[in-house]
Amino acid sequence: MRVAVVGGGIAGLTCALSLHAAGFAPRVYEAARRVEAVGVGINLLPHAVRELAELGLANELASVALPPHRLNYHDWTGGTVWEEPLGHAAGYRWPQYSVHRGRLQLLLLAAVRERLGPHTVRTGMLFQGFEQDADAVRARFLDRTSGRPVFDTADVLVGADGIDSAVRGRLYPDEGLPNGNGVHMWRGVTPHPRVLDGRSIVVAGGTPGAKFVAYPIEDRGPAGADTLVNWVLEVRHGPSGPPPGGPGRRVPAAEARAGLSSWHLPWIDLAALAERSAAIVEYPMVDRDPLPRWSFGRVTLLGDAAHPMFPMGMNGGSQSVVDGRVLAWCLARDDDAVAALHRYDRMRRPAVNAIVLANRDLGPEESIARAEEQPGSLPTGLAERIATRYKQLTGATVTQVNTHSSWTVPAEALVQEPDQPAEGPGDPSAHLTPGATGPR
């Protein structure tokens with residue numbers, strides 16, 4: 001089966017590796033002329049790390065990422081609202097990782113080129129449209145270097161080209177711009193002494209627009225040396241910069257320092273974060289409304305192209321990784337591409353749509369919002385109930401992650417009849433319940 005993937009980001013590259021592991025040889029088209037290590041930090045939750053480990057990337061991930069041990073919720077003054085263990089410390093068989101987004105993307109790109117060939121990812125290819133019939137889908141690109149059109153005929157076209165997806169735009173031409181909630185995120189990466197135990201994710205404040213986040217993404221020096229800290233300050237003000245969905249203006253250090261001045265977190269030097277960041281960039285907090293369909297014939301969506309969400313609960317990138325694994329599993333189980341994409345849509349879309357909506361209601365960060373409304377300790381067990389509810393929704397409880405059947409396609413797997421799930425313990429879909437993501 002011929003598969004063309006639009007987008008060479010984390011979602012598209014993970015999709016390509018998943019397809020290759022399932023026996024396919026996908027082709028990836030990226031609009032940027034070069035893939036470079038740009039961006040800031042990202043978290044991969046254990047359910048995503050498991051999938052990448054099953055793709056044979058466990059050692060590579062460990063070499064570029066840090067495993068945080070605790071999630072700490074604090075108020076404006078640094079007082080503890082709630083905390084919980086993460087990764088191995090919480091009982092998962094796989095760690096959670098904090099990593100520079102650009103380094104993760106380059107890791108995935110290197111794996112794709114090594115396994116599928118150096119020319120699998122074609123850069124500088126601007127997607128322009130597609131036509132499909134009963135036999136194939138024909139994608140059209142513009143080569144940004146030569147100015148010439150490029151065509152690819154495939155059995156499946158996957159749109160993994162982010163929140164401003166051109167593929168999604170073709171499927172939903174009247175959708176318009178992403179939805180903003182009025183919050184802008186000032187994001188930076190800064191050398192800084194270890195915060196708390198040096199392996200904590202810190203979330204302080206309350207509701208969106210009044211929140212601060214920090215976590216280490218690199219720590220390779222001796223004891224006492226600086227770590228590389230990813231930090232985010234949420235602010236509310238009028239729109240600025242380019243349209244929602246892309247990076248905005250550079251924030252001057254003096255402005256960032258002023259924005260951080262009202263915070264009083266005794267275990268971090270907030271002024272130093274502003275002064276020592278090579279760049280502080282403003283991003284709008286945006287998502288898109290959940291879609292009624294991802295798959296149209298031989299064309300489907302994946303990752304932020306399918307389900308862009310507010311950054312609550314650290315789930316956006318992790319769900320994109322799972323998308324790719326499930327899509328590859330579905331295509332390997334069915335030689336009818338249209339039926340396979342329908343199955344993928346049915347297995348993933350309802351559950352991930354629910355996460356998009358839950359993140360609009362703050363997801364697990366409801367705890368610090370409640371603490372802001374009612375100063376003092378939260379009622380006993382409330383924060384844990386909020387966290388557990390969100391983990392269950394996202395398929396990320398310890399039991400769900402540790403015990404579900406693998407999405408890895410056995411070499412001897414036979415193609416199934418359309419829409420007829422295989423039976424037995426080796427079939428992850430056997431564990432599905434209405435609205436579930438699958439075995440996660």
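Since the model is a prediction, treat every value here as computed from it, not as a measurement.

**A few points about the sheet that holds strand β5 (residues 80-85)**
In space, the seven strands of this open sheet follow the order β5-β4-β13-β14-β15-β12-β16, with mixed pairing throughout. Edge positions in the sheet fall to β5 and β16 (281-287), since each has one partner strand and no second. Adjacent strand axes in the sheet meet at a mean angle of 20° when their direction is disregarded.

**What to know about the nonpolar core**
If you look at the biggest cluster of nonpolar residues, it comprises 83 residues, and the most contacted ones within it are Leu108, Leu157 and Leu331. The contacts of Leu157, once residues within four sequence positions are left out, are Ala4, Val6, Phe127, Phe130, Val137, Ala139, Arg298, Val299 and Thr300.

**Thoughts on the packing of aromatic side chains**
Tallied over the entire structure, the rule returns eight aromatic pairs. Pairing Tyr73 with Trp82 gives two aromatic rings, centres 6.4 Å apart and planes at 35°, and the pair type is tilted. With a relative accessible area of 3%, Tyr73 lands in the buried category. For the pair Tyr172 and Phe296, a centre-to-centre distance of 5.6 Å together with 80° between the ring planes defines the contact as edge-to-face. Of the two residues, Tyr172 is situated in the loop between α5 (166-171) and β12 (179-192) and Phe296 in the loop between β16 and β17 (299-301); the sequence distance between them amounts to 124 residues. The class of Tyr172 is buried, set by a relative accessible area of 19%. A network of ring pairs unites the aromatic residues Tyr29, Phe127 and Phe141 as a single cluster.

**Describing the side chain of Arg325**
Its place among the elements puts Arg325 in helix α8 (residues 316-332). Residue class for Arg325 comes out buried when judged on its relative accessible area of 3%.

Cut-offs applied
- Residues numbered from 1 in each chain as written.
- Predicted model: local features only at pLDDT ≥ 70, side-chain atom pairs only at ≥ 80, totals over all residues.
- Heavy atoms only, no water.
- Pairing = 2+ DSSP bridges.
- Helix = DSSP H or I, 4+ residues; strand = E, 2+ residues; numbered from the N terminus.
- Axes fitted to C-alpha atoms, helices over the stretch in contact; angles between N-to-C directions.
- Core = buried A, V, L, I, M, F, W, Y, C linked by side-chain atoms within 4.5 Å.
- Buried < 20%, exposed > 50% of the residue type's maximum accessible area, 1.4 Å probe, protein only.
- Contact = heavy atoms within 4.5 Å.
- Phe/Tyr/Trp six-rings, centres within 6.5 Å; stacked < 30°, edge-to-face > 60°.

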